[in-house]
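The primary structure of each chain is shown beneath.
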Amino acid sequence: MKRIGWVFALFAGVAHAQNLDYQSVWSCGNEPKVNWYCDEQIQEETLKATPKPFTPPKRIEIENIGTAAQLREELKRREDVAVMAPTEANLKDYLALWQLTQEKGAVFADNWRRVVWQNPDLDYSLKRPANNVAIKTYDAQRVQDEEKQLRALAKEHGLIFFFRSDCPYCHAMAPTLKMLADKYGIDVLGVSIDSKGIAEFPHPRDGRTQAVAWGIERVPALLIGSKKTGEHAPIGFGVMSLSEIISRIFVLTNTKPGDNF
């Protein structure tokens, strides 16, 4: 009985002690101790929390600017000063350096074009024309290449058109696909996700299960598929024009990223 009474008294004492409001010797407030004395720790934490005073950027005179980084830094500093205090003196100070920036840019741009003109391997416009005459020639050749590629694809590939009978955009796109099939001889398979047909595709394949399996969540949806392997890939979603469909097929099946961009 004595032993039981002692254990009970011990736990009662601990419970009572836990209710006392006192600071643990192992903590400073709510933070664990890192130093023996709390005042030293509090002083260190106060110094860490105190923000450092703001030091404005040092002014760089124009004649002392020797790098592009210095030019950008000083131009930004003068702009900030002029915006906050748009006096005539501050604006003149900013514009003087801005004028130097424009002169540097003009010299750079002029030298750029001189180098490009004389080094065809560095002239991107030879790959992607920029002037009107070259653009028209490029576009005409591109159309020929696209049509040639489409007719070649038609031999072993077909298009898969997912639609819904009550979808107005599907109705708008269907004639374009019929025109594509008639002009280039590529097969277009109509697949309905509500098991109902539309004027251009009155007897479609029921595609409810296939749409779920392929993750088709929006219509109209156009895919290209291989007649031999059954592999398929999306061409696009939503209404597309005839030229857009042909262009997308050409890009996705005949080019690498960046070739024609």
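This is a predicted model, so every value here is computed, not measured.

Conventions and cut-offs
- Residues numbered from 1 in each chain as written.
- Predicted model: local features only at pLDDT ≥ 70, side-chain atom pairs only at ≥ 80, totals over all residues.
- Heavy atoms only, no water.
- Helix = DSSP H or I, 4+ residues; strand = E, 2+ residues; numbered from the N terminus.
- Axes fitted to C-alpha atoms, helices over the stretch in contact; angles between N-to-C directions.
- Parallel < 35°, antiparallel > 145°, perpendicular 65-115°, else oblique.
- Left-handed = near helix turned anticlockwise from the far one by under 90°.
- Contact = heavy atoms within 4.5 Å.
- Nonpolar A, V, L, I, M, F, W, Y, C, P; charged D, E, K, R; others polar.
- Pairing = 2+ DSSP bridges.

**Q** Where do I start with unusual backbone geometry in this structure?
**A** As a rule of thumb, non-glycine residues mostly have phi less than zero, and peptide bonds are mostly trans rather than cis. The step from Val 219 to Pro 220 runs through a cis peptide bond, and the omega angle for that step is 0°. Summarising the element assignment, Pro 220 is placed in the loop between helix H7 (208-214) and strand E6 (221-226). In this structure, Ser 195 takes a positive phi of about 65° despite not being glycine.

**Q** I keep staring at the packing of helix H3 (residues 68-84) against helix H4 (residues 88-118) and nothing clicks. Help me out?
**A** Working note: a packed helix pair is described by the angle between its axes plus the distance between those axes. One can describe the packing of H3 onto H4 by two numbers: an axis separation of 9 Å at closest approach and a directional angle of 150°. The orientation of H3 with respect to H4, classified from their angle, is roughly antiparallel. Considering the relative orientation of H3 and H4, their crossing is left-handed. From H3, Leu 71, Glu 74, Leu 75, Arg 77, Arg 78, Glu 79, Val 81 and Ala 82 reach across to H4, where they touch Asn 90, Leu 91, Asp 93, Tyr 94, Leu 97, Trp 98, Leu 100 and Thr 101. Looking at the contact of H3 with H4 residue by residue, the class counts come to 9 nonpolar, 2 polar and 5 charged.

**Q** What should I look at first to understand the sheet that holds strand E3 (residues 157-163) in this one?
**A** Sheet strands pair by backbone hydrogen bonding; their relative direction is either parallel or antiparallel. Ordered in space as E5-E4-E3-E6-E7, the 5 strands form an open sheet in which the pairing is mixed. Each of the sheet's edge strands pairs with one partner strand only, and the pair in question is strand E5 (205-206) and strand E7 (232-237). Pairing geometry for strand E4 (residues 187-192) and E5, over 2 bridges, is parallel. Looking at the pairing, Ser 192 lines up with Asp 206 of E5. Helix-sheet contacts for helix H6 (residues 168-184) involve E3, E4 and E6, and the interaxial angle to E3 is about 165°. Most of the contacts of helix H8 (residues 242-254) go to E7, to which it runs at about 140°, and overall it touches E3, E6 and E7.

Everything listed is a geometric property; what it means functionally is a separate question.
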